[in-house]
Amino acid sequence: MDKIKIGDIVMRKSYKGDVLFKVSEIIRQRNKEDILILKGLDYRLIADAPVSDVEKTKKEYLKKYQSNSRNQMKKLENRIMRGMKKDNNTSRGFIDTALKKTRSEGFFKKPGSVLHLDGDPDYLNMSLESYKKLNIKVQGMHVKENKQPEIMQDLLKKHLPDILVLTGHDSMAKDVEDYKDINNYRNSKYFVESVKKAREFNASLDDLVIFAGACQSNYEALIEAGANYASSPERVLIHALDPVLVGEKIACINIDKVISPAQIINHTITGKKGIGGLETRGKLRQGLPSSSYE
């Protein structure tokens, strides 16, 4: 077999290839087996494995996997667009009846703005493409999970977002008995610290809506720190786009609506085992008339 190198797509033998990974780092060890740092292709999971436990993904399998992933994304995009159309058809009750006579002038919509910090550059690009398709204003930045707390308040002052997404990669240590101990998680402590910094800047769960977490993150600690939504209630893997789907749903629901956790969770790929949170007010505002110069 060819020597494994950074950037290769691999699977773990001990887990029977349940998740595909990209090799992001190789730790050379003197007189010991090399250790690979692995990042999930579709799941926000980071893991390490000895090189003997890893094998390259066969081209045929990878091609099929990528095709299935693209099909899933297409179905997801169609579902989102249908949901947005339904929301728009039922969310105009706050507009005065008299104003409806001037429909010829046209309504315009202002979805909530998003600040998205991602510990993975590939996932960030994937996320930004999704926001763009949905016409959501977003500032996206690749920031390592352990660096996110340091710059949190400066970024909030600069961009003043309606919605803050803090994500990247995470994982839980093997054979964990104490699920509440934040030290048993690779990056949860950084997400928690970032949420606390954000809440020092803006304490209102309505004014600044926060999603935080990745695969297997300490859900309870993130909610306690001040996140509206977080992962992962059952410590499962979450899809790369689950944080985007939470932000998108909130950004595109009218500000006079309070969204139930069930509405948000049902909008995600992973569902209630991976995503949970609190009742949250939407961030979309409608206006009248639309400009002739846009």
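For the structure, check the block above.
Residues numbered from 1 in each chain as written. Predicted model: local features only at pLDDT ≥ 70, side-chain atom pairs only at ≥ 80, totals over all residues. Heavy atoms only, no water.

Tallying secondary structure elements over the protein chain gives 7 helices and 15 strands in all. Counting only residues that meet the buried cut, the protein chain has 48% of its 294 residues in that class. The contacts in the protein chain between residues at least 6 apart in sequence include a share of 63% that link residues at least 24 apart. (Helix = DSSP H or I, 4+ residues; strand = E, 2+ residues; numbered from the N terminus. Buried < 20%, exposed > 50% of the residue type's maximum accessible area, 1.4 Å probe, protein only. Contact = heavy atoms within 4.5 Å.)

Taken as a whole, this structure holds 8 salt bridges when the rule is applied. Residue Lys-22 pairs with Asp-122 through a salt bridge whose shortest N-O separation is 2.9 Å. Taken together, the residues span a long stretch of sequence, with Lys-22 in strand S2 (residues 20-27) and Asp-122 in helix H2 (residues 121-133) at a distance of 100 residues. Residue classification places Lys-22 among the partly exposed residues on the basis of a relative accessible area of 30%. The partner of Arg-186 in a salt bridge is Asp-48, and the shortest N-O contact between them spans 3.1 Å. Here Asp-48 lies in strand S4 (residues 46-50) and Arg-186 lies in the loop between strand S9 (163-167) and helix H4 (188-201), a separation of 138 residues in the sequence. Since its relative accessible area comes to 31%, Arg-186 is described here as partly exposed. (Salt bridge = Lys/Arg side-chain N within 4 Å of Asp/Glu carboxyl O.)

Turning our attention to the sheet that holds strand S3 (residues 35-40). Overall, antiparallel pairing links the 5 strands, which are arranged S4-S3-S2-S1-S5 in an open sheet. Across the chains shown, the open sheet's two edge strands, defined by having one partner strand only, are S4 and strand S5 (54-56). The sheet shows a mean angle of 45 degrees between the axes of neighbouring strands, direction not considered. Two strands pair when backbone bridges link them, and S2 and S3 are joined in this way by 6 bridges, in the antiparallel orientation. The residue of S3 that forms the bridge with Val-23 is Leu-38. (Pairing = 2+ DSSP bridges. Axes fitted to C-alpha atoms, helices over the stretch in contact; angles between N-to-C directions.)

What follows deals with helix H3 (residues 148-159). Those residues of H3 not exposed but buried are Gln-148, Pro-149, Met-152, Leu-155 and Leu-156. All buried residues of H3 lie within an arc of 100 degrees about the axis, which places them on one face of the element. Among the exposed residues of H3, those pointing more than 90 degrees away from its buried face are Glu-150, Asp-154, Lys-157 and Lys-158. Contacts from the buried residues of H3 go to strand S7 (114-118), strand S8 (138-142), S9 and H4. (Arc of directions from axis to C-beta.)

A few words on the sheet that holds S9. What the 6 strands build is an open sheet, ordered S8-S7-S9-S10-S11-S13; its pairing is mixed. In the strand order of this sheet, the two ends are held by S8 and strand S13 (276-277), each with one partner. Two strands pair when backbone bridges link them, and S9 and strand S10 (residues 209-212) are joined in this way by 4 bridges, in the parallel orientation. The residue of S10 that forms the bridge with Ile-163 is Val-209. Against the sheet, H3 touches S7, S8 and S9, its axis set at about 160 degrees to S7. Where H4 meets the sheet, it contacts S9 and S10, and its direction lies at approximately 160 degrees from that of S9.

Below, the discussion takes up the environment of Leu-128. Along the chain, the position of Leu-128 falls in helix H2. In sequence terms Leu-128 and Met-141 are 13 residues apart; their C-alpha atoms lie 9.7 Å from each other. Ignoring any residue separated from it by four or fewer positions in sequence, one finds Leu-128 in contact with Val-138 and Gly-140.

Once that is clear, we can look at the environment of Ser-217. Among the secondary structure elements, Ser-217 is positioned in the loop between S10 and helix H5 (219-225). Judged by relative accessible area, Ser-217 falls into the buried class, the value being 0%. C-alpha of Ser-217 to C-alpha of Met-172: the two residues are 45 residues apart in sequence and 7.2 Å apart in space. Setting aside residues up to four positions removed in sequence, Ser-217 forms contacts with Asp-170, Tyr-185, Ser-188, Phe-191, Leu-222, Ser-231, Ser-232 and Arg-235.

Let us now look at the layout of surface pockets. Here the second largest pocket is characterised by a volume of approximately 350 Å³. Within the lining of the second largest pocket, the residues separate by chemical class into 8 nonpolar, 3 polar and 5 charged. (1 Å grid on protein atoms, 1.4 Å probe; cavity = no way out; pocket = protein on both sides within 12 Å on 5 of 7 lines; lining within 4 Å. Points joined across faces, edges and corners; volume = space filled by probe spheres on them. Nonpolar A, V, L, I, M, F, W, Y, C, P; charged D, E, K, R; others polar.)

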